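Residue-level structure breakdown
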Amino acid sequence: MKRIALLITLGICFATSQAQDISDGLRYSSNQNLGTARYTALSGSMGALGGDFSAISSNPASGAVFLTSTLSLSSAFNNINNSSNYFNNEEEASKTDFSLNQLGAIFVINNANEESSFKKFTIGLNYNQSNNFENQLFIAGTGNNTIGNFFLEQAQGMPLNLLDLRSGETITDLYQYLGETEGSAAQNAFLGYQGFLFDPLDPGNPLNTEYISNIAGGVFNQEYSYLSQGYNSKFTINFATQVTNNLYFGANINTHTIEYDQSTFLLEKNNNPGSIVRSVGFENNLSVTGSGISAQIGGIAKVANNLRLGLSFDTPTWYQIAEETTQSLKSSRVFEGKTLNEYIDPRVINVYEDYNLKTPAKVTASAAYIFGQSGLISFDYSYKDYSSIKFSRLNNYYDPYFDMMNNNIKNTLKAASKFNAGAEYRINQLSLRGGFHYEETPYKNSEVMGDLTGFSLGAGYNFGRFNADIAYSRSEQERNQQLYSIGLTDTALINSVYNNFILSLSFNL
């Protein structure tokens, strides 16, 4: 598989069509169980506890629970292992990554006026990685559908004179022109035609709109590789206050960053009788950058000596996103008894018009019971309606593609609940922790993607002036991954196991 970085190209195409789909909306709307080691060890169930930098991301009132000004940083070792089953053939692939996933500082200002109801104010700054996109997937098997159909279906109805090179015109010229005037479907059809995957039904007619495949039916040996890298991060400015001895309130202003690169490569071979084309290699690269803004409000109340309740609300995140793509095609065919190889590489970057993405709002209710100095149990419940994901143009003008996709999102996705539970037991300066997390699938059809389940473990030690914490989190989820949205729509069953190891250090300032 070629490296994921986009190659230096000869041309830039400002494409008129879209590259977005439901998976993009979900990718930037979901959060992994990442953060500080204590937060991870308790499976994120800290909305009513506070006093932790990642807990501030769950409930802004958590900032007011800090007793002293504190600095914290966390590093993570992340691993994902994917098992695929495609036409009863099983394959595995894994990817590991090291990252600085949390860095923050909070400053506590105690109110010297003892008669005031406001006991203290806190101001916090925190960087938290909410999603790690490092991933690798390998699918292989023998199917009865061909990638040739992906190109053939997009060519049907398209005039032949759009796909034929004119005198003096290059692959780059026509590919770029099609992207600017006709969109990505025309570009895909052009690649397939230039790779001899199909021929016109009436080759002498420049207005021909019907095509026949040069790949005969039968069985096809296919290998599909997927590689991605990047992250989704959040930088938070937190303001919180303690009112009397029992109430805490806070608010967050968040800025979000998206960095995402994806590369896919499909290799297909066949020996079917009557097939002119014997092999096809199809590569696609995607590069995404984005920035967004959101806000949160929350509160924590001590309703009894040992019982705390929390409630928080996250606004939607409003993103502005930019995307670029490149693609190329290789084919091998038999012509007059000879094997001919074609390589169609337009060396053009398709630059799509920036667009807006609104992710769902979220409500979280939390509870925690504290057993004095011995330990605690905690629970968080979150609700997020993924059917409210919405794509739009920057100037909010009507776009039929986005309108169709937003309706598809409403018909395909649903609201999902998330349950996090954790417990901590203290032995002098040593704390032992564990947790469980469960998240419902955002799809109405659970066969597309199943529920996510997992557990976590951890420990921490208080050295007085600083704390050291470690955690391990494991999550598992199944999904059926469709190779392409058109033509080759076969799916592979994917089982993904996420392993995260976190080390955190926090210092009293």
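Residues numbered from 1 in each chain as written. Predicted model: local features only at pLDDT ≥ 70, side-chain atom pairs only at ≥ 80, totals over all residues. Heavy atoms only, no water.

**A closer look at the overall build of the protein chain**
In terms of helices and strands, the protein chain carries seven helices and 23 strands. Based on the C-alpha atoms only, the size of the protein chain along its principal axes is roughly 95 × 45 × 40 Å. Every one of the 509 residues in the protein chain was classed for burial, and the buried ones make up 53%. Within the protein chain, counting contacts between residues at least 6 apart in sequence, those at least 24 apart form 72% of the total. About 22300 Å² of surface is accessible on the protein chain, with carbon and sulfur atoms providing 55% of the total. Taking the average place of the 31 positive charges on the side chains of the protein chain and the average place of its 45 negative ones, the gap between the two points comes to 9 Å. (Helix = DSSP H or I, 4+ residues; strand = E, 2+ residues; numbered from the N terminus. Buried < 20%, exposed > 50% of the residue type's maximum accessible area, 1.4 Å probe, protein only. Contact = heavy atoms within 4.5 Å. Areas by Shrake-Rupley, 256 points an atom, 1.4 Å probe, with all protein chains shown as cover. Lys, Arg positive; Asp, Glu negative; His and termini not counted. Charge placed at Lys NZ, Arg CZ, Asp CG, Glu CD.)

**Points about the packing of helix 5 (residues 171–181) against helix 6 (residues 184–194)**
As a packed pair, helix 5 and helix 6 sit with axes 8 Å apart at the nearest point and diverge in direction by 150°. Between helix 5 and helix 6, the interaxial angle falls into the category roughly antiparallel. Together, Ile171, Leu174, Tyr175, Leu178 and Gly179 of helix 5 and Ala186, Gln187, Phe190, Leu191 and Gln194 of helix 6 make up the contact between the two elements. For the contact of helix 5 with helix 6, the residue count by class is seven nonpolar, three polar and no charged. (Axes fitted to C-alpha atoms, helices over the stretch in contact; angles between N-to-C directions. Parallel < 35°, antiparallel > 145°, perpendicular 65-115°, else oblique. Nonpolar A, V, L, I, M, F, W, Y, C, P; charged D, E, K, R; others polar.)

**Points about the pairing of strand 19 (residues 415–427)**
As paired elements, strand 17 (residues 375–385) and strand 19 share 11 bridges and run antiparallel to each other. Residue pairing in the sheet places Ile377 in a bridge with Ala423 of strand 19. The antiparallel hairpin formed by strand 19 and strand 20 (residues 430–439) contains two residues in its connecting segment, where Asn428 sits at a positive phi of about 60°. (Pairing = 2+ DSSP bridges.)

**Some details on helix 5**
Along an α-helix, residues three or four apart share an orientation, since each turn contains 3.6 residues. Among the residues making up helix 5, those that are buried are Thr172, Leu174, Tyr175, Leu178 and Gly179. With its phi angle positive at about 105°, Gly183 sits one or two positions after the end of helix 5.

**Quick look at the nonpolar core**
Core analysis: the biggest nonpolar cluster contains 61 residues, and Tyr28, Ile147, Phe151, Phe198 and Tyr484 have the highest contact counts within it. In contact with Phe151, not counting residues within four places along its chain, are Asn188, Ala189, Leu191, Gly192, Leu197, Phe198, Phe282 and Leu329. In this structure, Tyr39, Leu42, Ala48 and Leu49 belong to the second largest nonpolar core, which totals nine residues. (Core = buried A, V, L, I, M, F, W, Y, C linked by side-chain atoms within 4.5 Å.)

**Observations concerning the packing of helix 4 (residues 148–155) against helix 6**
The N-to-C vectors of helix 4 and helix 6 enclose an angle of 120°; their axes lie 8 Å apart at closest approach. Classified by the angle their axes make, helix 4 and helix 6 are oblique. As helix 4 packs across helix 6, the resulting crossing turns out to be left-handed. For the pair formed by helix 4 and helix 6, the contact residues are Phe150, Phe151, Gln154 and Ala155 on the first element and Ser184, Ala185, Asn188, Ala189, Leu191 and Gly192 on the second. For the contact of helix 4 with helix 6, the residue count by class is six nonpolar, four polar and no charged. (Left-handed = near helix turned anticlockwise from the far one by under 90°.)

**Observations regarding the environment of Ile147**
Here Ile147 is to be found in the loop between strand 5 (135–143) and helix 4. Residue class for Ile147 comes out buried when judged on its relative accessible area of 0%. Separated by 94 residues in sequence, Ile147 and Thr241 place their C-alpha atoms 59 Å apart. In this view, Ile147 contacts Gln222, Leu266, Glu268, Val280, Phe282, Tyr484 and Leu488; residues no more than four positions away in its chain are not counted.

**Quick look at unusual backbone geometry**
Positive phi is not limited to glycine here, since Glu336 has a value of about 50°. Overall, Glu336 belongs to the exposed group, its relative accessible area being 68%. Phi angles above zero are rare outside glycine, and Arg347 is one such case at about 55°. Under the relative-accessibility criterion, Arg347 is labelled partly exposed at 32%.

**Focus: the packing of aromatic side chains**
Within this structure, the stated rule accounts for 28 aromatic pairs. Joined through ring pairs, the aromatic side chains of Phe77, Phe98, Phe455, Tyr472 and Phe501 make up one cluster. One Lys or Arg, Arg333, reaches over the ring of Phe196 and ends 3.5 Å from the middle of that ring. (Phe/Tyr/Trp six-rings, centres within 6.5 Å; stacked < 30°, edge-to-face > 60°. Lys NZ or Arg CZ within 6 Å of the ring centre and 35° of its normal.)

**Focus: the environment of Val497**
Among the structural elements, Val497 can be located in strand 23 (residues 491–508). Since its relative accessible area comes to 12%, Val497 is described here as buried. For the pair Val497 and Leu307, spaced 190 residues apart in the sequence, the C-alpha separation amounts to 35 Å. When residues no more than four places from it in sequence are discounted, the contact partners of Val497 are Asn79, Ile80, Asn81, Arg474, Ser475 and Glu476.

**Comments concerning the pattern of salt bridges**
Under the counting rule described, the total for this entry stands at 11 salt bridges. Two residues, Arg333 and Glu342, come together in a salt bridge whose shortest N-O distance is 3.1 Å. Relative accessible area serves as the criterion here: at 21%, Glu342 is assigned to the partly exposed category. For Arg393, the salt bridge is made with Glu353, and the minimal N-O distance between the two is 3.9 Å. (Salt bridge = Lys/Arg side-chain N within 4 Å of Asp/Glu carboxyl O.)

Geometry only, nothing functional implied.
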